[in-house]
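Survey of secondary and tertiary structure
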Amino acid sequence: MKKVLLACAFLSTMAMLQLNAGEQFAMSDADRAMYKEMLENNPAEIYVEEGGEIFEETLGGEEALAKFLGVSEKDLPKYIAGFPRYIKKLGNVVGLDQVMQAMQVEQGKEKTKLKSGKMFSMLAYVKSLANDELINIDVEADEHIKASYALGKTTYMTARGGRGLACNSCHSADIVGQVLRTQPLPDLGEVAVAGTWPAYRMTKSSLRTPQRRFQGCMKNALLKVIPIGSKEMIALEVYVATLAKAKNKKIAIPGLKR
Amino acid sequence: MAEARKSMIKFKPKKFKVGDTIKVDFIVIHPMDTGLKKDKKTGEVKPAHFIDSITFSLDGKPFTTMKVWETVSTNPYFSVNLKVPGKGKITVDYTDNTGEKNSKSKKLKPKG
Amino acid sequence: MKRRNFLKGICAVSAVAVTAPSALLAKEAPKGENALTYDAAVSAITGGKAVADSDKVKLTVPEIAENGAVVPVKVHVESPMTDAEHVKAIHVLSTKNGNARCADVMLTPLNGKGYFATRVKLGGTQDVVALVEMSDGSFLRAAKPVKVTIGGCG
């Protein structure tokens, strides 16, 4: 414990000095406008377009998706904005990527791995069909989504790993805004994680999904990484979606992040 | 030849008339490797691999040319203006330092 | 205090540093025409001709770059863009990258505006410079500092 503290004494001091100095690192309005403009030329759009082509050509596009989910094409965007959902056919609360895998199985096609560029692009495309819709996840809809929400909340609040940290340790209402490693800690509802991921990450120069972002954060916090598509990961997405819903956030894919 | 590079041409605004000055944006997926970084997996230095020249043409006639270096961001974006003279086809031809040539086109369709 | 201990813990944990493209600030002498330092690059472009700082060149960059690998740069030069009077070229440079050059953009009257935008890599806090060549052979310039922050979790 002592060695580690010594090793980053400088960092700790810096962090403590910035305990209430969120403003000093807050973006100026001019800078914020510049970064907002970058959204209009987001490299991720190319991946989204590509995902759309694969989705159309190999799965049958929106028509097939709507049919699989049992909704009209007209209602599809709103329906997509309510994911993750309990899908009776699959017997589980699932994400859109898992729905597409199920469609592949139904069509006798090879399953695309959840953790693959191809699936990330398709996921981004399908989610973008719901752009401008309010996030409308309903965690009271059935017992399955209720249970998923409860699991998600628990996962979010459970301190674990070598440092005894939980998602809530950095993202709770009273910690949010404080500066850690030059970045103010974000309110996951306010920044609409559920509405703006998948996103292009500048630090990774690629399209990243929300689950992968959660994994990156877990790695940094020395928490054992939860697998993509697992019950707990889906549950986390469910919980985080309610945070954005509470702030009336909309879907806006692809996002653009640091 | 490697599979075609992915890119996009966008006009802003989307609807315009003859005589309007619009933005022509070009985004392309390209590593723009500087030749200074190591591959995390292999430990080997990734060789410099970046777009070094771009030509924007209207119906085959160049109206903007660019010389580009590895200091431009990965998956770069280039934006210039165009005073719309009429209907036509915009083509962006680009080469990189390995000699790889690529091209992307988009129809210019002014209304009125 | 619970908070201070917690933050100390986080910092200890942040072993993975977000690396800035600092290799870009190579201090050793660059080689060849494709790796000129700022002064050499300006010389190569202007041939030693005088360069005037000008309000006509509007350079827009962020004050603080969220990430040094993707820094937006916008240049707009006031000009009628006629055959007789137009912007011939916009050169985007940085003052401290080992290779100071980012892009040379040769415009023509058909562009309608003396405008160019892109995103560049900055190896560290430094100035971004727009060096503009006008059709009459004169050179104008605008420069702005950009603070590059290294940090963040994940």
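Residues numbered from 1 in each chain as written. Chains lettered and ligands numbered in written order. Predicted model: local features only at pLDDT ≥ 70, side-chain atom pairs only at ≥ 80, totals over all residues.

Observations concerning the pairing of strand 2 (residues 21–28) of chain B
Residue and element names in this part refer to chain B.
- Relative to strand 2, strand 1 (residues 7–12) is paired through 6 bridges, and the arrangement is antiparallel. Within the sheet, the bridge partner assigned to Phe11 lies in strand 2 and is Val24.
- Where strand 2 and strand 5 (residues 77–83) come together, 7 bridges link them in antiparallel fashion. Of the residues in strand 5, the one forming a bridge with Thr21 is Lys83. (Pairing = 2+ DSSP bridges. Helix = DSSP H or I, 4+ residues; strand = E, 2+ residues; numbered from the N terminus.)

Details of the sheet that holds strand 6 (residues 206–208) of chain A
All names here are of chain A.
- One open sheet accounts for 3 strands, arranged 6-5-7; its pairing is mixed. The open sheet has two edge strands with one neighbour each: strand 6 and strand 7 (255–257). When the angles between neighbouring strand axes are averaged without regard to direction, this sheet yields 35°.
- Bridging between strand 5 (residues 199–201) and strand 7 involves 3 bridges; their strand directions are parallel. (Axes fitted to C-alpha atoms, helices over the stretch in contact; angles between N-to-C directions.)

Concerning the domain arrangement of chain A
Residue and element names in this part refer to chain A.
- Assigned domains within chain A: domain 1 (44–128) and domain 2 (140–257).
- Here the C-alpha centroids of domain 1 and domain 2 sit 21 Å apart.
- Each side of the interface is counted separately: domain 1 has 20 residues, and domain 2 has 18 residues.
- Residue assignment for the side of domain 1 that touches domain 2 shows that the elements contributing at least two residues are helix 4 (44–59), strand 1 (85–87), strand 2 (92–94) and helix 8 (117–128).
- Per-element accounting of the side of domain 1 that touches domain 2 gives the leading share, 6 residues, to helix 8.
- Residues of the side of domain 1 that touches domain 2, tallied by class, amount to 12 nonpolar, 4 polar and 4 charged. (Domains from an automatic or database assignment. Contact = placed C-beta atoms within 7 Å. Nonpolar A, V, L, I, M, F, W, Y, C, P; charged D, E, K, R; others polar.)

Topic: the sheet that holds strand 5 of chain B
- Here we have 6 strands laid out as an open sheet, ordered 1(B)-2(B)-5(B)-7(C)-4(C)-2(C), and antiparallel in their pairing. For this open sheet the edge positions go to strand 1 of chain B together with strand 2 (57–60) of chain C, each flanked by a neighbour on one side alone. Strand-to-strand twist of the sheet, defined as the mean angle between neighbouring strand axes without regard to direction, takes the value 15°.
- Here strand 2 of chain C runs beside strand 4 (residues 71–77) of chain C; their pairing, made up of 4 bridges, is antiparallel. Paired with Lys58 of chain C across the two strands is His76 of chain C, which belongs to strand 4 of chain C.

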